[in-house]
Amino acid sequence: MTRYISATAVATLVDDFDRSPAYAGLAEALRALIADGRIAHGARLPSERELTDALAVSRTTVTRAYAALRDRGYAEARRGAGTFTRVPGGPSRAPDRVLTPRTDGSALIDLNCAAAPAPPGVGAAYESAMAELPGYLVDHGYYPVGLPELQRAIAASYVARGLPTDPDQIMVTPGALAATAVVASAMTGPGDRIVAEVPGYPNAAGALGVRSTRLVGASLDVDGWDLAGIAATIRQSAPRLVHTIPDFQNPTGNLMLDDQREEYAAALASARTVALVDEAHQALALEDQRMPLPMAAHVEAAGGEAITVGSTSKMLWGGLRVGWIRAPHARMDALTQARLTLDLGVPVFEQLVAAHLLRDPADILAAHRERLRRQRDVLVAAVARELPEWRFRTPAGGLALWCELPRAEASSLALEAESRGVVFAPGPVFSAEGGYERFVRIPWTRPADELEQAVSTIAEAWSSEQASGTRRTPERVMVA
Ligand SMILES: Cc1ncc(COP(=O)(O)O)c(C=O)c1O
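As the structure is a computational prediction, the values presented were derived from the model and not from experiment. All residue numbers here refer to positions counted from 1 along the written sequence of the relevant chain. Only residues with pLDDT of 70 or above have their local features reported here, since the model is predicted, and side-chain atom pairs are shown and tallied only from 80 upward, although totals for entire chains, interfaces and linings are computed over all residues. Derived side-chain values reflect all non-hydrogen atoms in the structure, with water molecules and hydrogen atoms excluded from consideration.

1. Comments concerning the pairing of strand 12 (residues 305-311)
Rule in force here: Partly exposed describes any residue whose relative accessible area lies between the buried limit of under 20% and the exposed limit of over 50%, with all areas from a 1.4 Å probe on protein chains only and scaled to the type maximum. The way it works is that DSSP assigns letters per residue, a run of H or I at least four long becomes a helix, a run of E at least two long becomes a strand, and they are numbered from the N terminus. In short, DSSP must find at least two bridges between two strands for them to pair. Convention used here: a crossover is right-handed provided that the path from the first strand, over the helix, to the second strand proceeds clockwise when the strands point away from the viewer.
Among the seven residues in strand 12, six count as buried, and that is most of the element. Both strand 11 (residues 274-278) and strand 12 contribute to a ladder of five bridges, which runs parallel. By the bridge assignment, Leu276 is partnered in strand 12 with Ile307. As a crossover connection, the stretch from strand 11 through helix 12 (residues 295-301) into strand 12 is right-handed. Here four bridges tie strand 12 to strand 13 (residues 323-326), and the two strands are oriented antiparallel to one another. Looking at strand 13, one finds that Gly310 is bridged to Trp324.

2. Topic: helix 5 (residues 122-132)
The criterion, for reference: The directions considered for the arc are those from the helix axis to the C-beta atoms. Whether two residues are in contact is decided by their heavy atoms: any pair within 4.5 Å suffices.
Residues of helix 5 that are buried: Val122, Ala125, Tyr126 and Ala129. Buried positions in helix 5, seen along its axis, are confined to an arc of 105° and lie on one side of it. In helix 5, those exposed residues whose orientation departs by more than 90 degrees from the buried face are Met130 and Ala131. Contacts from the buried residues of helix 5 go to helix 14 (348-359) and helix 15 (362-386).

3. A short note on the packing of aromatic side chains
The criterion, for reference: Whether two aromatic rings pair depends on their centres lying within 6.5 Å, for rings of Phe, Tyr and Trp, where Trp uses its six-membered ring; planes under 30 degrees apart make the pair stacked, over 60 edge-to-face, and the rest tilted.
Under the criterion given, the structure shown has seven aromatic pairs. Measuring from centroid to centroid gives 6.4 Å for Tyr126 and Trp317, while their planes differ by 75°, and the two rings are edge-to-face. Here the residue Tyr126 occupies a position in helix 5, and Trp317 occupies one in the loop between strand 12 and strand 13, the gap between them amounting to 191 residues. For Tyr126, a relative accessible area of 18% corresponds to the buried category. Classification of Trp317 by relative accessible area gives partly exposed; the value is 32%. Centroid distance Trp390 to Trp462: 5.7 Å. Interplanar angle 90°. Geometry classified as edge-to-face. Of this pair, Trp390 sits in the loop between helix 15 and strand 14 (400-404) while Trp462 sits in helix 17 (residues 448-468), and the two are 72 residues apart along the sequence. There is no split in this pair, since Trp390 and Trp462 are both buried.

4. Some words on the site of the ligand
The following threshold applies: Throughout, near means a residue has at least one heavy atom within 4 Å of the molecule or strand. Pairs of N or O atoms within 3.5 Å make up the polar contacts considered here, provided that, within protein, one atom can donate a hydrogen while the other can accept it, and that residues adjacent in sequence are counted only when both atoms are side-chain atoms. With residues, only the protein chains shown are counted as cover, and all accessible areas are computed by Shrake-Rupley using a 1.4 Å probe. Three classes are used: nonpolar for Ala, Val, Leu, Ile, Met, Phe, Trp, Tyr, Cys and Pro, charged for Asp, Glu, Lys and Arg, and polar for all others, with Gly counted as polar.
In the vicinity of the ligand there are 14 residues, among which Ala176, Asp278, Ser311, Ser313 and Lys314 approach most closely. The contact in question runs from an oxygen atom of the ligand to an N or O atom on the side chain of Ser313, over 2.7 Å. When isolated, the ligand has an accessible area of 400 Å², and the protein chains bury 96% of it. For the shell around the ligand, the residue count by class is six nonpolar, five polar and three charged.

5. Quick look at the state of the cysteines
Worth spelling out the cut-off: Note on terminology: pairs of cysteine sulfur atoms within 2.5 Å are recorded as disulfides.
Per the counting criterion, the structure on display carries zero disulfides. Not engaged in a disulfide, the cysteine Cys113 finds its nearest cysteine sulfur in Cys403; these two sulfurs lie 18 Å apart. Take Cys113: its relative accessible area is 23%, and that puts it in the partly exposed class.

6. Considering a nonpolar patch on the surface
Inclusion rule: Like-charged residues are merged into a patch within 9 Å and nonpolar side chains (Val, Leu, Ile, Met, Phe, Trp, Tyr) within 5 Å, provided each residue has over 30% relative accessible area and no salt bridge. For this document, the term salt bridge refers to a Lys or Arg side-chain nitrogen within 4 Å of an Asp or Glu carboxyl oxygen.
Together, Tyr142, Leu340 and Leu344 make up an exposed nonpolar region whose accessible area comes to about 300 Å². You can see Leu340 is positioned in helix 13 (residues 332-340). Taking the relative accessible area as the measure of exposure, Leu340 reaches 36% and is therefore partly exposed.

7. With respect to the sheet that holds strand 14
Spelled out, the test is: Interaxial angles span 0 to 180 degrees and are taken between N-to-C directions of axes, which are lines fitted to C-alpha atoms, for helices over the stretch in contact.
Spatial ordering of the open sheet is given by 5-15-16-14, a layout of four strands whose pairing is mixed. The open sheet has two free edges, formed respectively by strand 5 (109-111) and strand 14, since each of these has just one partner strand. Across this sheet, the average inter-strand angle for adjacent strands is 30°, counted without regard to direction. One ladder, built from five bridges, connects strand 14 with strand 16 (residues 439-443); its direction is antiparallel. Within strand 16, the residue paired with Ala400 across the bridge is Pro443. Each of strand 14 and strand 16 is contacted by helix 15, which is oriented at about 15° to strand 14, the strand it contacts most.

8. Topic: the pattern of salt bridges
Between side chains of opposite charge, a pair can form as their charged atoms come close. Taken as a whole, this structure holds 23 salt bridges when the rule is applied. Among the ionic pairs, Arg376 bridges to Glu287, the shortest N-O distance being 2.8 Å. Of the two residues, Arg376 is situated in helix 15 and Glu287 in the loop between strand 11 and helix 12; the sequence distance between them amounts to 89 residues. Among the residues examined, Arg376 registers a relative accessible area of 3% and is labelled buried.

9. Structural notes on the sheet that holds strand 8 (residues 214-221)
Pairing is mixed in the open sheet, where eight strands are placed in the order 6-13-12-11-10-7-8-9. Since the sheet does not close on itself, it has two edges, and those belong to strand 6 (170-173) and strand 9 (224-225), each with one partner. Two elements, strand 6 and strand 13, share four bridges in a ladder whose sense is antiparallel. Among the inter-strand pairings, Met171 is bridged to a residue of strand 13, identified as Ile325. Packed on one face of the sheet, helix 10 (residues 227-237) meets strand 7 (193-198), strand 8, strand 9 and strand 10 (241-244) and runs near 170° to strand 8.

10. Quick notes on the domain arrangement of the protein chain
The following threshold applies: In this document the domain limits rely on a domain assignment from an automatic tool or a database.
Split into domains, the protein chain comes out as domain 1 (3-94), domain 2 (110-119 + 363-468) and domain 3 (134-359). On a C-alpha basis, the centroid separation for the pair domain 1 and domain 2 is 38 Å.

The following block contains the structure:
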C-alpha cells in the first residue's frame, strides 16, 4: 500500500520552518514529522516542482532538502516513482504501524504484550525535551522523587479528575510496575498478606511478592468484581494491602463503577486496610464516556487510605518508562526510603518528555484512543465471526478482549497458534493459583490487518485442536 501526501498538506505541516538556511530548515521539519509518524512511513512525498510551488521557495531549496532527508535515512528516491519517506531501521521501526503493514519479513504476530505503538505527537515531545535538556545539565541530575515540573503535571492531572493532590504527594518511578514494587517494599514485610485480584496482571503479583509476602486471591469473573466476596476476604485475611485495577482491569477489561468503588472503599476503610490502586489503563476510555472518580477519592471519602500507581505506558507509550506513585503526605518519607534502596530516580530526559506530554495530552490521547477503538472493533468483529462459540464482553476501554472458550484448552490452543505464527497469553498466565484454562486474552494493540490475520490463524488452530484432541502446556514470559 502506498500513500501520497499532497504538497498543500506538507506545506501546512511544515508551516513556518526555519529559513536559515531554508533547505536545512525544511529538511529538519520534514524529518521531525516523519520520525513522529505525522507523515507516514512509506508515503510518497510531493514532487519537487509541486512542493516548490506550494511553499513559494526556490526549486534548489526543495531539491537540497530532499537530498538532506535521504542522507539522514528519512527518504529514498525510487527511480521513475518519486521520493518516499522511510525511517532509519526500516518499517518495523516506523511510529505509525496502523497504516503500515509489516513488510519486515517477521512472520510472528505478537499478541502476548498488550501495549500499543506510540501515537503521533510522542516523537515531537522528545524533540521539545531535547531543547530543554541543556538547562538541566548544569545540575547533578538526581531527582529521587521526580522532576518538580513533572510532579506538578501529574498532580494537576489528579486534580482535573476530581482528586485534590499536591505535587509533593507524587513520586516519579520507571513505570507502574516499579511503582508497585516500591509500595510493596515500603509497606510490607515477610509473612504479611496482600489481597490481589485473580485473574490479574501477573507481573504486579510478582512485584507484590518480593518481600516474601503471602498473596490472597480475590476473584473476579467476566461480569466484574464480587464485592461481597472481596469484603469477606479482606475481613478474614486482615491484609496489609489490597491491590486492585479498577479501570479496564487487566485481563478482564472490567471498569468498576462509582457505586461499586464506594462499596469497595467502605470495606477497605472498615478493615483499616490500605488500597493499592493500579490505574495503568485509566486513560483508555474508548466510548467518550465520563470516567468514575479515581478509586483513591472514594477511599479517602470513606476515611480510608489509598496509594495509587499510574503510568504513561498504556496512556502514551511503554518505551517512555515513566510512571508514578500518588500517596498521602504521611507515607512519602517511607516510600522515598524504600525507593532509594531500588534506584535513585528516572532519567531527566524522559521526565522532561513526560512533563511535556502530560501538561497537554488531549490531542495525542484522542488520536491514540481513536486508533485503539478502531482496532478493538475490528478484533471484536473478527472473533465474533470466526470463533462464534467463544464468549466475551466488549470492554468500554483498555487494551484487550478476555474470551471464554467452550472448553478448558487455552494453554494447548496458545501453543498450536504459536506454531502457526500467532502468540497470545492463555488464561492461566493471569492466575498464580492456576485455573482459567477456559480463557484467553487477545489485545487489540496491533494494526487492524494483523488482528484479522491473527484471529483467522487462531480459528484454524482452534479447529485443528478440536479435530486432534491433543493438549500441550506452554511456559511463557509476559510483560504487559
Ligand atoms: C495493570 C497494569 N499495571 C502495570 C503495568 C505495567 O506498567 P508499566 O509499563 O508502567 O510498568 C501493566 C502493563 O501491562 C498493567 O497492565
